[in-house]
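Coordinates in review
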Amino acid sequence: QLPLAWVLAINLDDESAARRLLLRAHTEGRADATEAAIRSRLAWSRSEVQPVIDHYRSLGRLVEVDGDQTIEAVHDDIVAGLIAVGALPKGDHA
């Protein structure tokens, strides 16, 4: 078992996440992805995943990206963040 070297967190507020997930549910015809179910999953994430994120932040092993951007901008920020910490070599990462 290898320890995690870096953790990547794509941050997005709950309202934006719920809006995106509801749109995806509508687009994909997912009847199980109700607003109540989505809000429940987001609450679970805050209670169960956030402590893990906080732990890796305290270790200085967290790369955070603003998820409230275009897909291309999020990709570019992920690549830049991973290059900045030495987890990804410089070069073309299109």
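The coordinates are above.
Residues numbered from 1 in each chain as written. Predicted model: local features only at pLDDT ≥ 70, side-chain atom pairs only at ≥ 80, totals over all residues. Heavy atoms only, no water.

1. Topic: the layout of surface pockets
In this structure, the largest pocket encloses a volume near 350 Å³. Taken together, 17 residues make up the lining of the largest pocket; nearest its centre are I10, N11, L12, S45 and R46. Breaking the lining of the largest pocket down by element, the ones donating at least two residues are strand 1 (7-11), helix 1 (14-28) and helix 2 (35-58). Here the lining of the largest pocket takes seven residues from helix 2, the largest share from any one element. Per-class residue counts for the lining of the largest pocket are eight nonpolar, four polar and five charged. (1 Å grid on protein atoms, 1.4 Å probe; cavity = no way out; pocket = protein on both sides within 12 Å on 5 of 7 lines; lining within 4 Å. Points joined across faces, edges and corners; volume = space filled by probe spheres on them. Helix = DSSP H or I, 4+ residues; strand = E, 2+ residues; numbered from the N terminus. Nonpolar A, V, L, I, M, F, W, Y, C, P; charged D, E, K, R; others polar.)

2. Some remarks on a negative patch on the surface
Taken together, the side chains of D66, E72, D76 and D77 make up a negatively charged region of the molecular surface. When residues of the negative patch are assigned to their parent elements, the largest contribution, three residues, is made by helix 3 (residues 71-84). Within the secondary structure, D76 is located in helix 3. Judged by relative accessible area, which is 47%, D76 ranks as partly exposed. (Patch = residues over 30% accessible without salt bridge, like charges linked within 9 Å, V, L, I, M, F, W, Y side chains within 5 Å. Areas by Shrake-Rupley, 256 points an atom, 1.4 Å probe, with all protein chains shown as cover. Salt bridge = Lys/Arg side-chain N within 4 Å of Asp/Glu carboxyl O. Lys, Arg positive; Asp, Glu negative; His and termini not counted. Charge placed at Lys NZ, Arg CZ, Asp CG, Glu CD. Buried < 20%, exposed > 50% of the residue type's maximum accessible area, 1.4 Å probe, protein only.)

3. Observations regarding the environment of L88
Looking at where L88 falls in the secondary structure, it is placed in the segment after helix 3. Here L88 falls in the partly exposed class, since its relative accessible area comes to 24%. Setting aside chain neighbours within four positions, we find L88 in contact with V79, L82, I83 and H93. (Contact = heavy atoms within 4.5 Å.)

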